[in-house]
There are 2 protein chains.
Amino acid sequence: MEELFLKNAIGSWKQVIGRIDKGFLQLSDEEIQRQVAPGKNRLIYLLGHLTAVHDRMFSLLGIGERLHPELDEAYISNPDRTLPDPVAPADLKKFWSEVNRQLTEAFEKLTPAEWLQKHTAVSDEDFAKDPSRNRLSILLSRTNHAAFHTGQAVLVK
Amino acid sequence: MEELFLKNAIGSWKQVIGRIDKGFLQLSDEEIQRQVAPGKNRLIYLLGHLTAVHDRMFSLLGIGERLHPELDEAYISNPDRTLPDPVAPADLKKFWSEVNRQLTEAFEKLTPAEWLQKHTAVSDEDFAKDPSRNRLSILLSRTNHAAFHTGQAVLVK
């Protein structure tokens, strides 16, 4: 029964990632510079932001070393158009795909019991009080976060 | 173990709903008429759409009768500004809260095994081929859907 719960949760993650792949990976270097609405984030900022946030999941879940810490300054610590984009659009797309591919492989290796273990940003004390602060909660909240920004990206159409 | 998986999934739903409550329920009748970006959906359309889509979950999950089928024509079958809003903003806010309150109560009564039963829009044959087409998949996809539109609504700020 736990395996099926996990299949659903990872399936939900894959569905949201697949939608972003479809929307972003075929964009030209010009198209990816567009803002989702006047004065709002550019598409490349959203892709950089999502890549950096997902890359941080490796350490947050304790499943490996992150791949691209060089994205944080431009795409997490600062708002859009504060710093120059640290990498070319084609490279960012590769980073996005690689981060999610490796994450998803790692997700599929975790057992149900491992998904219910604490993530690395919660203390032993807090986790003892609230065992829902586990790895699974991170997967679900990051899936929602990606869906949230996808809703913005589609406004460009 | 299954109970904790469910607690996480329902917790993720509650978190997204709570964020929408916070953003929409205090809007004035004028504010809720604003478009999320020039030419895009109005906030009241998004709230009507989410209320109608969630209201449909009662029958989709087989957990009761829906409360407000009168919203579908304006907020699901047609794009924004095609039909007049069928109810006043204050009533729509009440409908939104009532639908989600009743849904969440019903969610909390379902057992883990019941969450893994098929939803009503999949045939027995298709469900036999793919048991992940269960009630839980609907909860996760509707949570993502609500997060998707939340990402659009916050652009108004």
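Note that this is a predicted model, so its numbers are computed, not measured.

Novice: Pulling in residues and values, what's your account of the overall build of chain A?
Specialist: When its secondary structure is counted, chain A shows eight helices and zero strands. Taken from N to C terminus, the helices and strands of chain A fall in the order α-α-α-α-α-α-α-α. Expected size for 157 residues packed as a compact globule is a radius of gyration near 15 Å; at 16 Å, chain A falls within 12% of this value. For chain A, the C-alpha atoms occupy an extent of roughly 45 × 30 × 25 Å along the three principal directions. For chain A, the proportion of its 157 residues judged to be buried stands at 52%.

Novice: Would you mind going over the relation of the copies chain A and chain B in detail, with residue names and values included?
Specialist: Least-squares fitting of chain A to chain B yields an RMSD of 0.0 Å, with the transformation described by 0.0 Å of translation along the axis and a rotation of 180°. Such a turn and shift between the copies fits a two-fold axis. Proximity to the rotation axis, assessed at the C-alpha, singles out Phe-148 of chain A in chain A; its C-alpha lies 2.1 Å from the axis.

Novice: Break down the interface of chain A and chain B for me, citing the residues and quoting the values.
Specialist: Contact with chain A, which involves 36 residues of that partner, is made by 36 residues of chain B. Together chain A and chain B conceal approximately 3000 Å² of surface at their shared face, both sides included; 71% is due to carbon and sulfur atoms. Counting every contact that joins chain A to chain B gives two salt bridges. Here Lys-7 of chain A ties to Asp-130 of chain B by a salt bridge, and the two come within 3.9 Å at their closest N and O atoms. Between chain A and chain B we count 10 residue pairs in polar contact (both at pLDDT 80 or more) in total. Of the residues contributing to the side of chain A that touches chain B, the split by class is 20 nonpolar, 10 polar and six charged.

Novice: Quick one: what's the story with the packing of aromatic side chains, residue by residue and with numbers?
Specialist: For any pair of aromatic rings, the description consists of the separation of the ring centres together with the inter-plane angle of the planes. Residues and elements named next belong to chain B. Taken as a whole and assessed by the stated rule, the structure comprises seven aromatic pairs over all chains. A centroid spacing of 5.7 Å and a plane angle of 70° characterise the contact between Tyr-45 and Tyr-75, whose relative ring orientation is edge-to-face. Taken as a pair, Tyr-45 in helix 2 (residues 43–55) and Tyr-75 in helix 4 (residues 72–77) lie far apart in primary sequence, 30 residues in all.

Novice: Can you explain the pattern of salt bridges? Please cite residues and give values.
Specialist: Residue and element names in this part refer to chain A. A complete count under the given rule lists 24 salt bridges over all chains for this structure. When the shortest N-O distance is used, the salt bridge between Arg-42 and Asp-85 registers 2.9 Å. Of this pair, Arg-42 sits in the loop between helix 1 (2–24) and helix 2 (43–55) while Asp-85 sits in the loop between helix 4 (72–77) and helix 5 (89–107), placing them 43 residues apart in sequence. Taking the shortest distance from any N to any O, the salt bridge between Arg-101 and Glu-105 comes out at 2.6 Å. Here Arg-101 pairs with Glu-105, and both are found in helix 5, just four residues apart, close to one helical turn. Residue Arg-101 is classed as partly exposed on the basis of its relative accessible area of 42%. Classification of Glu-105 as partly exposed rests on a relative accessible area of 39%. Put simply, Arg-42, Asp-80, Arg-81 and Asp-85 are held in one network by salt bridges that share partners.

Novice: Lay out the environment of Thr-82 of chain B with the relevant residues and their values.
Specialist: Residue placement: Thr-82 of chain B occurs in the loop between helix 4 and helix 5 (89–109). A polar side-chain atom of Thr-82 of chain B sits 2.6 Å from the main-chain carbonyl oxygen of Pro-79 of chain B.

Novice: Lay out the packing of helix 1 of chain A against helix 2 of chain A in plain terms, naming residues and giving numbers.
Specialist: All names here are of chain A. Two elements in contact, helix 1 and helix 2, have axes whose closest approach is 12 Å; the angle formed by their N-to-C orientations is 145°. Helix-helix and strand crossings are classified by hand; for helix 1 and helix 2 the assignment is left-handed. For the pair helix 1 and helix 2, the contacting residues are Trp-13, Ile-17, Ile-20 and Phe-24 in the first and Leu-43, Leu-46, Leu-47, Leu-50 and His-54 in the second. Tallied by class, residues from the contact of helix 1 with helix 2 come to eight nonpolar, one polar and no charged.

Novice: Explain the nonpolar core to me, and be specific about the residues and the numbers.
Specialist: Ranked by internal contacts, the top residues of the largest apolar core, which has 93 residues, are Phe-107 and Trp-115 of chain A together with Phe-24, Phe-107 and Trp-115 of chain B. If near-sequence neighbours (up to four positions away) are discounted, Phe-107 of chain B is found in contact with Ile-10, Trp-13, Met-57, Leu-61, Ile-63, Trp-115 and Leu-139 of chain B.

The rules behind each value
Residues numbered from 1 in each chain as written. Chains lettered and ligands numbered in written order. Predicted model: local features only at pLDDT ≥ 70, side-chain atom pairs only at ≥ 80, totals over all residues. Heavy atoms only, no water. Helix = DSSP H or I, 4+ residues; strand = E, 2+ residues; numbered from the N terminus. Rg over C-alpha atoms; globule rule 2.2 N^0.38 Å. Buried < 20%, exposed > 50% of the residue type's maximum accessible area, 1.4 Å probe, protein only. Least-squares fit on C-alpha atoms with pLDDT ≥ 70 in both. Contact = heavy atoms within 4.5 Å. Buried area = accessible area lost by both parts, 1.4 Å probe. Salt bridge = Lys/Arg side-chain N within 4 Å of Asp/Glu carboxyl O. Polar contact = N/O pair within 3.5 Å; in protein donor to acceptor, adjacent residues only side chain to side chain. Nonpolar A, V, L, I, M, F, W, Y, C, P; charged D, E, K, R; others polar. Phe/Tyr/Trp six-rings, centres within 6.5 Å; stacked < 30°, edge-to-face > 60°. Axes fitted to C-alpha atoms, helices over the stretch in contact; angles between N-to-C directions. Left-handed = near helix turned anticlockwise from the far one by under 90°. Core = buried A, V, L, I, M, F, W, Y, C linked by side-chain atoms within 4.5 Å.

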